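# Architecture at a glance
Single-letter residue listing:
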Amino acid sequence: MNKGSVIYLGGFKMPDRNPAAHRVVSNALAMRDLGYETVFIGLHDKNSPYVIKDKYFGFDIYSRRSPLGLVDWFKYIIAFKFYKDIIVKHKNVKAIICYNTPSITLSLLARWARRHKIKIISDCTEWYETEKSESALKRYVKTLDVYNRMHLVQPKLDGVIAISSFIDLFYRTRNTKTIQIPPLTDTKDEKWSKRESKVSNSVNIIYTGIPFSLETKRQKDRLDSIIDALLFYETEYDFVFHIIGCTKLDFLMFYPSFSQKIKGREEIIKFYGKLSHTEAVERLKESDFLIFVRNNTLTNKAGFPMKFVEAISCGIPVLTNKNSNVEHYLRDGENGFFIDNTSYESLVRSLKKPLSISKEDLIAMKTKTYDSRLFDYRKYIKYFKEVLE
């Protein structure tokens, strides 16, 4: 039964060019099972100023070029007409879902949608903070935009899809209709198929993602703390730490003090640089644990780590500290271990269990993790019904 169309717009790059793309596609699959067909309006990185129309996963996808400079960025945050011109081409539009959309465009879309009796919903996955490396003008505009979007515009929408309990609680206390949806996957997709549980003599620990920005000097994941703690056990346990997302050169440019610490340790600390999403998932499947540690910043509290979802979907237990609301999903000793990064000593102690785990216990843990289907989109279909109907 076709219940109409949902227009899903935002800064995602199809089919798998950024984490946003994975999130919105899984959400659209859930809405398709409810009877709604989704049309996406996103971004592309091709050398073309024109709108490109593609089809991925059975969905129509329009995309415009990503902003290349300050002028493009300002055009992006006031792109109401661009979106409206595409929306009006589609019949029976029931809802517009805006993924982290700038406040001006979001406000204009909300006003237009209400006139046309179309639901307007925000998919809120971030609470952006400004970067010191940005110009004073851009920082001012971004700060104003974030405040307006989070505090003034989104509370008045027909609903908010919150990626974390932090955002969910923020809007519930403002009497906004809210559903909490972490990043989801389609576990029936071949991409998430289970590998035969084989355990090598070494404990293979993997990190995937972008741990820091050389441009802004901002840390997202504390690779430095992880490496420091792992090296404590260099002679006691047999392990290999695989790092996907940055090169050794990048790491040393960000942490120059580690030049001597990791010198000559290429066999236990391996850097792979940036890989395609498909390659990264395959490397993940070959591992025993995913590890990441995050600081308790506003951005980290408001977001939710996609890498955590991908590891669980692959049947790979996770080692992480209590960031975002991962404690709602991680069961210590069942699908991973919490690690305490409040000090170097506590982090070292936390790593002893996973490094000393028996092969039998590790295989059982990986099987239990995979079988949980914890983030399969089918488990969340009923929640989308709450905001769409």
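Residues numbered from 1 in each chain as written. Predicted model: local features only at pLDDT ≥ 70, side-chain atom pairs only at ≥ 80, totals over all residues. Heavy atoms only, no water.

## Some remarks on the pattern of salt bridges
Just so we agree on the cut-off: Each salt bridge in this description consists of a side-chain nitrogen of Lys or Arg and a carboxyl oxygen of Asp or Glu lying within 4 Å of one another. In this scheme, a residue with accessible area under 20% of its type's maximum is buried, one over 50% is exposed, and one in between is partly exposed, where area comes from a 1.4 Å probe on protein chains only.
Overall, the coordinates contain 20 salt bridges when judged by the stated rule. With a shortest N-O distance of 2.7 Å, Asp 224 and Arg 222 are connected by a salt bridge. The residues Asp 224 and Arg 222 share a single accessibility class, namely buried. When the shortest N-O distance is used, the salt bridge between Asp 288 and Lys 366 registers 3.2 Å.

## Concerning the layout of surface pockets
Operational definition: Residues are said to line a cavity or pocket when one of their atoms sits within 4 Å of a point; the points come from a 1 Å grid over protein atoms alone, cavities being sets where a 1.4 Å probe fits but cannot get out and pockets being open sets with protein on both sides within 12 Å along at least five of seven lines. Grid points are joined across faces, edges and corners, and a volume is the space filled by probe spheres set on the points. A helix here means a DSSP run of H or I that spans at least four residues, while a strand means a run of E at least two residues long, and both kinds are numbered starting from the N terminus.
Estimates place the volume of the second largest pocket at around 270 Å³. Around the second largest pocket, the lining comprises 17 residues; the ones closest to its centre are His 22, Val 25, Phe 57, Asp 189 and Lys 191. Going through the elements one at a time, helix H1 (19-34) and helix H9 (277-285) are the ones with two or more residues in the lining of the second largest pocket. For the lining of the second largest pocket, the leading source of residues is H1, giving 5 residues.

## Details of the sheet that holds strand E1 (residues 4-13)
Sheet strands pair via backbone hydrogen bonds, and the direction of the pair is either parallel or antiparallel. Note the following rule: One requirement defines pairing of two strands: DSSP has to find at least two bridges between them. Note on method: axes are straight lines fitted to C-alpha atoms, helices fitted across the in-contact stretch only, with angles between N-to-C directions ranging 0 to 180 degrees.
One open sheet accounts for 8 strands, arranged E3-E4-E2-E1-E5-E6-E7-E8; its pairing is mixed. At either end of the open sheet lies a strand with only one pairing partner, and these are strand E3 (52-56) and strand E8 (178-180). Ignoring which end each strand starts from, the neighbouring axes of this sheet average 20° apart. As paired strands, E1 and strand E5 (residues 93-99) are joined by 6 bridges and run parallel to one another. What sits directly across from Leu 9, in E5, is Cys 98.

## Topic: the packing of helix H3 (residues 80-87) against helix H4 (residues 103-115)
Cut-off, in case you're wondering: By convention the crossing between two helices is left-handed if the near helix lies anticlockwise of the far one by an angle smaller than a right angle, and right-handed if it lies clockwise. Contact criterion: two residues are considered in contact whenever any of their non-hydrogen atoms come within 4.5 Å of each other. Just so you know the grouping, Ala, Val, Leu, Ile, Met, Phe, Trp, Tyr, Cys and Pro go in nonpolar, Asp, Glu, Lys and Arg go in charged, and all remaining residues, Gly too, go in polar.
H4 packs onto H3 with a crossing angle of 35° between their chain directions and a minimal axis gap of 9 Å. Considering only the axes of H3 and H4, their crossing is right-handed. Seen from H3, the contacting residues are Phe 80, Tyr 83, Lys 84 and Ile 87; seen from H4, they are Thr 105, Leu 108, Leu 109 and Trp 112. Looking at the contact of H3 with H4 residue by residue, the classes come out as 6 nonpolar, 1 polar and 1 charged.

## Some points on the nonpolar core
In globular proteins that are soluble, nonpolar side chains generally tend to be buried together. Put simply, the test is: To define a nonpolar core, start from buried Ala, Val, Leu, Ile, Met, Phe, Trp, Tyr and Cys residues and group those joined through side-chain atoms within 4.5 Å.
Ranked by internal contacts, the top residues of the largest apolar core, which has 99 residues, are Phe 40, Phe 241, Phe 251, Phe 308, Phe 384 and Leu 388. Here this core takes 9 residues from H1, the largest share from any one element. For Phe 384, the residues in contact, after removing those within four places along its chain, are Asn 27, Ala 30, Met 31, Leu 34, Ile 161, Ile 179, Ile 181 and Leu 184. Ranked by size, the runner-up nonpolar core spans 28 residues in total, among them Val 39, Ile 77, Ile 96 and Cys 98.

## Examining the packing of aromatic side chains
Two aromatic rings are characterised by how far apart their centres lie and by the angle between their planes. The following threshold applies: Note on aromatic pairs: the rings of Phe, Tyr and Trp (six-membered ring only in Trp) are paired at centre separations within 6.5 Å, and the planes decide the class, stacked below 30 degrees, edge-to-face beyond 60, tilted for the rest. In this scheme, the term charge over a ring applies when either NZ of a lysine or CZ of an arginine sits within 6 Å of the ring centre and within 35 degrees of the ring normal.
Inspection of the entire model under this criterion finds 27 aromatic pairs. Where Phe 12 meets Tyr 99, the ring centres are 6.2 Å apart and the plane angle is 75°; that geometry is what we call edge-to-face. Note that Phe 12 is positioned in strand E1 and Tyr 99 in strand E5, a separation of 87 residues in sequence. Residue class for Phe 12 comes out buried when judged on its relative accessible area of 0%. Note that Lys 261 overlies the ring of Phe 258, its terminal NZ or CZ placed 4.3 Å from the centroid. Across the ring face of Phe 292, the terminal group of Lys 307 is positioned such that the distance to the ring centre comes to 5.5 Å.

## Observations regarding the pairing of strand E6 (residues 119-124)
Heads up, the rule is: Looking down the strands as they point away from you, a crossover is right-handed if its path from the first strand over the helix to the second goes clockwise.
Most of E6 is tucked away: 5 of the 6 residues are buried. Bridge count for E5 against E6 is 5 bridges, and the pairing is parallel. From the neighbouring strand, Ala 95 faces E6, where its bridge partner is Lys 119. In terms of handedness, the path from E5 via H4 over to E6 forms a crossover that is right-handed. Bridge count between E6 and strand E7 (residues 159-162): 4 bridges; the pairing is parallel. Across the sheet, Cys 124 pairs through a bridge with Ala 162, a residue of E7.

Such coordinate-based values are descriptive only and should not be taken to indicate function.
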